[in-house]
Amino acid sequence: MSLSRAEVEHIAELAKLNLTEAELDQYAVQLSAILDYIAELNALNTDDIPPTASVLPLKNVLAADEVTFGLEQKAALANAPDAEAGQFRVQAIFE
Amino acid sequence: MSIDLTTLSIVEARAGLRSGQFSAIELTQSYLNRIKALNQTVKAYLHVTEEQALESAQAVDQAIQNGKDGALLGIPLAIKDVLSTTGVETTCGSKILAGYTPPFNATAVQRLFDAGVIMLGKTNTDEFAMGSSTENSGYFTTRNPWDTERVPGGSSGGSAAAVSARLAAGGLGTDTGGSVRQPAALCGVVAIKPSYGRVSRYGLIAFASSLDSVGAFGRTVQDVGLILGVMAGHDPKDSTSMNVPVPDYMATIGQGVKGLRVGVPKEYFIDGMQPATEKAVRAAIAQLEAMGAEIREISLPHTRYALSTYYLIAPAEASANLARFDSVRYGLRKTQGDLWDTYKTTRGEGFGAEVKRRIMLGTYALSAGYYDAYYLKAQKVRTLIKQDFEKAFEQVDVIASPVAPTTAFRIGEKADDPLQMYLSDVFTLPASLAGICGLSLPCGFDESNLPIGLQLMGPFMREDVLLRVGHAYEQATEWHMRQPAL
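Residues numbered from 1 in each chain as written. Chains lettered and ligands numbered in written order. Predicted model: local features only at pLDDT ≥ 70, side-chain atom pairs only at ≥ 80, totals over all residues. Heavy atoms only, no water.

Counting across every chain of the model gives 27 salt bridges over all chains. In this structure, Lys16 of chain A and Glu13 of chain A form a salt bridge, with 3.6 Å as the shortest nitrogen-oxygen distance. Relative accessible area serves as the criterion here: at 35%, Glu13 of chain A is assigned to the partly exposed category. Residues Lys334 of chain B and Glu349 of chain B are paired through a salt bridge, measuring 3.7 Å at the closest nitrogen-oxygen approach. On the criterion of sequence distance, the pair formed by Lys334 of chain B in the loop between helix 10 (306–321) and helix 11 (339–350) and Glu349 of chain B in helix 11 is long-range, its members being 15 residues apart. Members of the salt-bridge network, linked through shared partners, are Arg5, Glu9, Glu21 and Asp25 of chain A. (Salt bridge = Lys/Arg side-chain N within 4 Å of Asp/Glu carboxyl O. Buried < 20%, exposed > 50% of the residue type's maximum accessible area, 1.4 Å probe, protein only. Helix = DSSP H or I, 4+ residues; strand = E, 2+ residues; numbered from the N terminus.)

Turning next to the side chain of Asn144 of chain B. All names here are of chain B. As for its position among the elements, Asn144 is in the loop between strand 3 (118–123) and helix 5 (157–164). The exposure class assigned to Asn144 is buried, which follows from its relative accessible area of 0%. Within the structure, the side chain of Asn144 is placed 2.9 Å from the backbone nitrogen of Trp146, a separation counted as a polar contact. Contact partners of Asn144, with chain neighbours within four places excluded, come to Arg150, Val151, Pro152, Leu186, Cys187 and Ala408. (Polar contact = N/O pair within 3.5 Å; in protein donor to acceptor, adjacent residues only side chain to side chain. Contact = heavy atoms within 4.5 Å.)

The next point concerns the sheet that holds strand 10 (residues 437–445) of chain B. Residues and elements named next belong to chain B. An order of 1-3-2-4-6-5-10-11-9-7-8 is seen for the 11 strands of this open sheet, with the pairing classed as mixed. If you trace the sheet from one side to the other, it starts and ends with strand 1 (45–48) and strand 8 (294–298), each paired once. Strand-to-strand, the axes of this sheet are offset by a mean angle of 30 degrees, without reference to chain direction. Summarising the sheet, strand 9 (residues 398–402) and strand 11 (residues 451–458) pair through four bridges and their orientation is antiparallel. Bridge pairing in strand 11 links Pro402 to Leu454. Helix-sheet contacts for helix 2 (residues 24–42) involve strand 1, strand 2 (76–80) and strand 3, and the interaxial angle to strand 3 is about 20 degrees. (Pairing = 2+ DSSP bridges. Axes fitted to C-alpha atoms, helices over the stretch in contact; angles between N-to-C directions.)

So, on to the environment of Tyr202 of chain B. All names here are of chain B. Tracing the backbone shows Tyr202 in the loop between strand 5 (190–193) and strand 6 (213–218). Since its relative accessible area comes to 25%, Tyr202 is described here as partly exposed. Taking the C-alpha atoms as reference, Tyr202 lies 9.9 Å from Phe104; in sequence the two are 98 residues apart. Beyond its immediate sequence surroundings of up to four residues, Tyr202 is in contact with Phe104, Asn105, Ala106, Thr107, Asp235, Lys237 and Asp238.

Okay, here's the thing in structure tokens:
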């Protein structure tokens, strides 16, 4: 399994990561090596095996329908890189 | 003060505090002094919370005077920097979270504070707990107290090194694929990784949500049992925390191993493992047998697939969890062109190489057309690995194995080869995937005087059995009493 440079660029775009030329080259090699290793799983027949998403014997954990207080606005905004009028401020999305 | 208070175990320190031999302030100050002298060498802490520690210690001394008692009252601990602490910088070892101060405590941390624990500081970690050496920290590499040219293991290497070097009486770490057990082994201390769901993950900044667990470090098995006992139990803030009673670990820890069945999985003794490691672990198993345990060879046939399974599931979950770092609500922001460019630039510059590698791997495994071949396949193999343990625990009470194939490796030795680095977790990954509990404790030293760890694995929610076997072994041996010369 070899990942092309174009595939690596596509994955980086999906993951919203700006990568340098050197990183793209390096990840193409390293991710291909990891995927080669991982291909060993194909040796196992898992047709009749159910997947495990969680090891817990839990289903539909529900909370009581009660009003509780969450974070206060000031605390929620305290770590924001930019805030204005009680809101997170980002670059304009619409012209 | 004639004795060095930092040499005391938590149990011993509690006895001294209770009887008034010394105060919480004196105990805390002893650790702070040692941190001042040695943290520049060991580099265990990202930030030391001296002022807060002394304030807490003062409050504890007052409470003790008023007759208060408790298992951890006045005990100074180190907290891994992936656990949220109110008003105290929490970076996950990442540049992207530099300066972030959480508005709440992780539940595990809050329970310790409620019990009177004194936080000495936040410890170094591989960035977002992704690594086995702390070399992936965005800040610096922690040193192994036994040989400062070597890694302490990871990702909770800061807490492991702090406890080993007596820069804390105990500590908290997190374990997703071995991140408390492996550094404990490499640093010669004890650590427990509880079963998934035993300790709340609320406030643990997520890496892989179906695997993450909060664990404890100590210099004795009793000490980690005490910390676990305080942290464990249901938390309504974590829907994956199990609502089951927490046993009184100290009530059963002294029951010995007579009649217990100890399984030895043949798949955990592999070609290429360090001979000294195999020898020490085999000797530890013989010791358990001499103490009355019954040894049985068992098989966990899907062990070899754990690494591949883990390196699909964990990165897939990480790629989703780390999507939250978008520079809007917290963390680094690198403004560029439009908002899309800002996201990409911030994440490209803010995350380190290993984190980006895993986000890429996980994104690929979850992307259209590959989900069934990779992620779903891995989840199915995860079932097989879990079933291996379920079958084994029909025959045995506990499983004994090495923690890691080798003792501590040199800084830089594996840094350029991700697969080689991943292989250092080959014996800890299966228990993580199965969600069961594991204990790591010292069982010997190699020819370079580097510690070797014994791993005990127990059935889901049976931490009590691990602590019992570990404590019995520790009582019969002296490995845990050796200390690094610093």
